[in-house]
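Observations on the model geometry
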Amino acid sequence: MAVRSVLRMGDPQLLERSRAVERFATPELDALIRDMRDTMAALNGAGLAAPQLGVLKRIVIFGVGRNPRYPDAEEVPETVLINPELEPLDAGDVAEDWEGCLSVPGMRGLVPRYRHLRYRGFDERGRPIDRTVSDFHARVVQHEVDHLDGVLYPTRIRDLRNFGFTAELFPDANIAED
């Protein structure tokens, strides 16, 4: 359908809490999800949340196959997740790893996330989704759902010495810029 502009850190809309989706399988919802998919694909994203396009609805999409921004990442199935709920499965099992974001282009930060979680929600037709996931899959879901609550990953970084431009942090790595 269309590649849309992604809001960048500093835009006040990215700090707002999104509202629940009440109606599924509508032409408007279908068009938004098509635009989200097109935008994510065009920018080599691992995920995208509706607020990043200026739409304050509780909708995220994610999926990773071969991705130049995450060359070592495990595959994550393409998913539309609406009105998500996250449940950490072991609150003590947290791992730090590098994250980037289409709303914070060109930068990476070391972010703590739960390693194992269960997520529930609905697909675009209103069918329930209930998955238990780990590692990169869990990280991607948490990152995208944070957007629905007005949270950007830099606010989760524990030590700002672990936040910077991708090219400076990883000069010898083959990581595509945002």
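Refer to the structure printed above.
So, here's what we can say about the structure. Note that the coordinates shown come from a computational prediction; the quantities given were computed from them, not determined experimentally. Sequence order sets the numbering: in each chain, residues are counted from 1 along the sequence as written. Reporting of local features is limited, given that this is a predicted model, to residues whose pLDDT is at least 70; pairs of side-chain atoms are given and counted only at 80 or more, and all residues count toward the totals for whole chains, interfaces and linings. As a rule here, side-chain values come from all non-hydrogen atoms in the structure, and water together with hydrogens is ignored.

**Some points on the nonpolar core**
The following threshold applies: We call a set of buried Ala, Val, Leu, Ile, Met, Phe, Trp, Tyr and Cys residues a nonpolar core when their side-chain atoms join them within 4.5 Å. Accessible area is worked out with a 1.4 Å probe on protein chains only. A residue is then buried under 20% of its type maximum, exposed over 50%, and partly exposed in between. Runs of H or I in DSSP of at least four residues are treated as helices and runs of E of at least two as strands, each being numbered from the N terminus. Residue contacts are counted whenever heavy atoms from the two residues lie within 4.5 Å of one another.
If you look at the biggest cluster of nonpolar residues, it comprises 18 residues, and the most contacted ones within it are V60, F62, L81, Y119, F136 and V141. When residues of this core are traced back to their parent elements, those giving at least two are β2 (59-64), β3 (76-88), β6 (116-122), β7 (128-134) and α2 (135-148). Element by element, the count of residues in this core is highest for α2, at 6 residues. Apart from residues no more than four positions distant in its own chain, Y119 is found in contact with F62, T79, L81, E85, L86, I129, D130, R131, V133, H137 and V141. One finds V21, M36, M40 and L48 within the second-largest nonpolar core, a separate group that totals 15 residues.

**What to know about the sheet that holds β3**
For clarity, the cut-off: Two strands pair if DSSP finds at least two bridges between them. Helix axes are fitted to C-alpha atoms over the stretch in contact, other axes to C-alpha atoms as well, and angles between N-to-C directions run from 0 to 180 degrees.
With antiparallel pairing, the 5 strands of this open sheet are ordered in space as β1-β2-β3-β6-β7. Two strands close off the open sheet at either side, each with one partner strand: β1 (47-49) and β7. Within the sheet, the average angular offset between the axes of one strand and its neighbour, ignoring direction, is 40°. For β3 and β6, the ladder comprises 5 bridges, and the chain directions are antiparallel. Its bridge partner lying in β6, L86 is registered against Y119.

**Re the packing of aromatic side chains**
For the record, the criterion: Only Phe, Tyr and Trp rings take part, Trp by its six-membered ring, and two of them pair if their centres are within 6.5 Å. Stacked means planes under 30 degrees apart, edge-to-face means over 60, and tilted covers everything else.
Overall, the coordinates contain 4 aromatic pairs when judged by the stated rule. Ring centres of Y153 and F163 lie 6.1 Å apart, and the angle between their planes is 75°; on these two criteria the pair is classed as edge-to-face. One end of the pair, Y153, is in the loop between α2 and β8 (163-165); the other, F163, is in strand β8, and 10 residues separate them in sequence. Taking relative accessible area as the criterion, Y153 reaches 2% and is therefore assigned buried.

What is shown is where atoms sit, not what they do.
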